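The primary structure of each chain is shown beneath.
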Amino acid sequence: MASGSTEGTAAGPDERRAELAASLDDLRARIVQASVQAGRNATDVVLIAVTKTFPLTDVRLLLELGVDDLGENRDQEAKAKAAQLASTDVRWHFLGQVQTNKARSVAAYAQCVHSVDRASLVDALQLALTRSGRDRLDVFIQVNLDGTSGRGGAAPGLVAGLADQIAGTAALRLRGVMTVAPLGAEPARAFGQLAEISQRLRHDHQAATDISAGMSGDFVSAIAAGATHLRIGSALLGPRGQVVS
Ligand SMILES: *Cc1c(COP(=O)(O)O)cnc(C)c1O
């Protein structure tokens, strides 16, 4: 388990490398174990290391340790890190709410946006891709399961319409559905609901088989419910300090 240094500055680079290597090994072992328990193949589960608030030095160490998929939730921070790592093969996953006026910025570095939740954002991302000359962006529809608005995510009843809209664009490729388990709720229940929504989605969108679910505290139950993309920060990098915005 990672512990201690929030920013990776207290430990020297070698110590931090060893710390990250150990927590990555541990995490991968837990993912394999949860997959076996669920009767699934661990190779069908993508680990996205959520590096938000952690420094570029940590990101580079993770790349050296073989992590290719990185997640961020704020455009400014993600953009800066992506610019520094432009010569690498890293895949950036954008996980946070995307303001429509940031769509163009996000679409310039992200391979995948997990937080598509409204029609205006679908339009903005497609337009951004057209303008930048890129021909493809993978997207997940974020589903809000806590019945309140404001924290991002589309109500379950809006998923089908958004999926049809995405399918009608030239450059957006629908991967599937994403959720953040509601606070205070049983994650297994939320992930079960998400799995049902995913099943329904596949009737009309057979290629949209992916499920982005599971964070540090609940990835075992997400794997049990069929998650294909885990978004894990603190279990890998340690506790986040104050989020400076
Ligand atoms: C921060 C974040 C994560 C990672 O959370 P941990 O609990 O640190 O694993 C996953 N998904 C989203 C959308 C996030 O914002």
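Reading guide: rules and limits
Residues numbered from 1 in each chain as written. Predicted model: local features only at pLDDT ≥ 70, side-chain atom pairs only at ≥ 80, totals over all residues. Heavy atoms only, no water. Helix = DSSP H or I, 4+ residues; strand = E, 2+ residues; numbered from the N terminus. Rg over C-alpha atoms; globule rule 2.2 N^0.38 Å. Buried < 20%, exposed > 50% of the residue type's maximum accessible area, 1.4 Å probe, protein only. Contact = heavy atoms within 4.5 Å. Areas by Shrake-Rupley, 256 points an atom, 1.4 Å probe, with all protein chains shown as cover. Lys, Arg positive; Asp, Glu negative; His and termini not counted. Charge placed at Lys NZ, Arg CZ, Asp CG, Glu CD. Near = heavy atom within 4 Å. Polar contact = N/O pair within 3.5 Å; in protein donor to acceptor, adjacent residues only side chain to side chain. Nonpolar A, V, L, I, M, F, W, Y, C, P; charged D, E, K, R; others polar. Pairing = 2+ DSSP bridges. Axes fitted to C-alpha atoms, helices over the stretch in contact; angles between N-to-C directions. Parallel < 35°, antiparallel > 145°, perpendicular 65-115°, else oblique. Left-handed = near helix turned anticlockwise from the far one by under 90°. Right-handed = clockwise from strand over helix to strand, strands pointing away. pLDDT = per-residue confidence, 0-100. Salt bridge = Lys/Arg side-chain N within 4 Å of Asp/Glu carboxyl O.

A. Region of the structure containing the overall build of the protein chain. Helix and strand counts for the protein chain stand at nine helices and eight strands. In terms of C-alpha radius of gyration, the protein chain reaches 17 Å, essentially the compact-globule figure of 18 Å for 245 residues. Projecting the C-alpha coordinates of the protein chain onto the three principal axes gives extents of approximately 50 × 40 × 30 Å. In the protein chain, buried positions account for 49% of the 245 residues. Summarising the internal contacts of the protein chain: among those between residues at least 6 apart in sequence, 59% fall at separations of at least 24. When the accessible surface of the protein chain is totalled, it reaches about 11400 Å², and 50% of it is carbon and sulfur. Measuring between centres, the 25 positive side-chain charges of the protein chain sit 4 Å from its 26 negative side-chain charges.

B. View of the site of the ligand. Around the ligand sit Val50, Lys52, Asn73, Leu95, Met178, Met215, Ser216, Arg231, Ile232, Gly233, Ser234 and Arg240, and those are all the residues in its vicinity. Within the contact set of the ligand, an oxygen atom lies 2.7 Å away from a side-chain nitrogen or oxygen of Lys52. The separation between an oxygen atom of the ligand and a polar main-chain atom of Gly233 is 2.8 Å. In isolation the ligand offers 380 Å² of accessible surface; the protein chains occlude 89% of this area. Of the residues belonging to the shell around the ligand, the class tally is five nonpolar, four polar and three charged.

C. Looking closely at the pairing of strand β8 (residues 229–232). Taking every second residue as pointing to the same face, both faces of β8 are buried, with His229 and Arg231 on one and Leu230 and Ile232 on the other. In this sheet, β8 lies alongside strand β1 (residues 46–50) in parallel orientation, the contact comprising four bridges. Bridging across to β8, Leu47 finds its partner in Leu230.

D. Quick peek at unusual backbone geometry. Of note, Thr53 is a non-glycine position whose phi angle comes to about 75°, a positive value. Summarising the element assignment, Thr53 is placed in the loop between β1 and α2 (56–64). In this structure Thr53 comes out as buried when scored by relative accessible area, which is 16%.

E. Here's a closer look at the packing of helix α1 (residues 13–37) against α2. Running from N to C, α1 and α2 cross one another at 55°; their axes reach a closest spacing of 10 Å. If you check the angle between α1 and α2, you find them oblique. Here α1 and α2 pass one another in a crossing that is right-handed. For the pair formed by α1 and α2, the contact residues are Pro13, Arg16, Arg17 and Leu20 on the first element and Asp58, Leu61, Leu62 and Glu64 on the second.

F. Quick look at the environment of Phe54. Relative to the assigned elements, Phe54 resides in the loop between β1 and α2. Taking the C-alpha atoms as reference, Phe54 lies 9.5 Å from Gly233; in sequence the two are 179 residues apart.

G. Up close: the pairing of strand β4 (residues 112–116). Within β4, five of the five residues are buried, which leaves it mostly tucked inside the rest of the structure. Note: strand β3 (residues 91–94) against β4, two bridges, orientation parallel. Of the residues in β4, the one forming a bridge with Phe94 is Val113. Considered for its hand, the β-α-β crossover made up of β3, helix α4 (residues 103–109) and β4 is right-handed. The pairing of β4 with strand β5 (residues 137–142) spans three bridges and is parallel. The residue bridging Val116 from the neighbouring strand is Ile141, located in β5. Crossover connection from β4 via helix α5 (residues 119–132) to parallel β5: handedness right-handed.

H. Main features of the confidence of the model for the protein chain. Taken over all residues, the pLDDT of the protein chain has a mean of 93, while the share at 70 or more is 93%. Residue range residues 1–8 is modelled with pLDDT below 50. Its contacts to residues more than four positions away, or to other chains, number 24 contacts.

I. The side chain of Arg231, seen in detail. Mapped onto the secondary structure, Arg231 falls in strand β8. For the buried Arg231, no salt bridge is present, and the opposite-charge side chain at shortest range is Asp218, 6.7 Å distant. A polar contact of 3.0 Å, which involves the side chain of Arg231, links it to the side chain of Ser212. Residues contacting Arg231, with those up to four places away along its chain left out, are Ile48, Val50, Leu95, His114, Met178, Thr179, Val180, Ser212, Ala213, Gly214, Met215 and Ser216.

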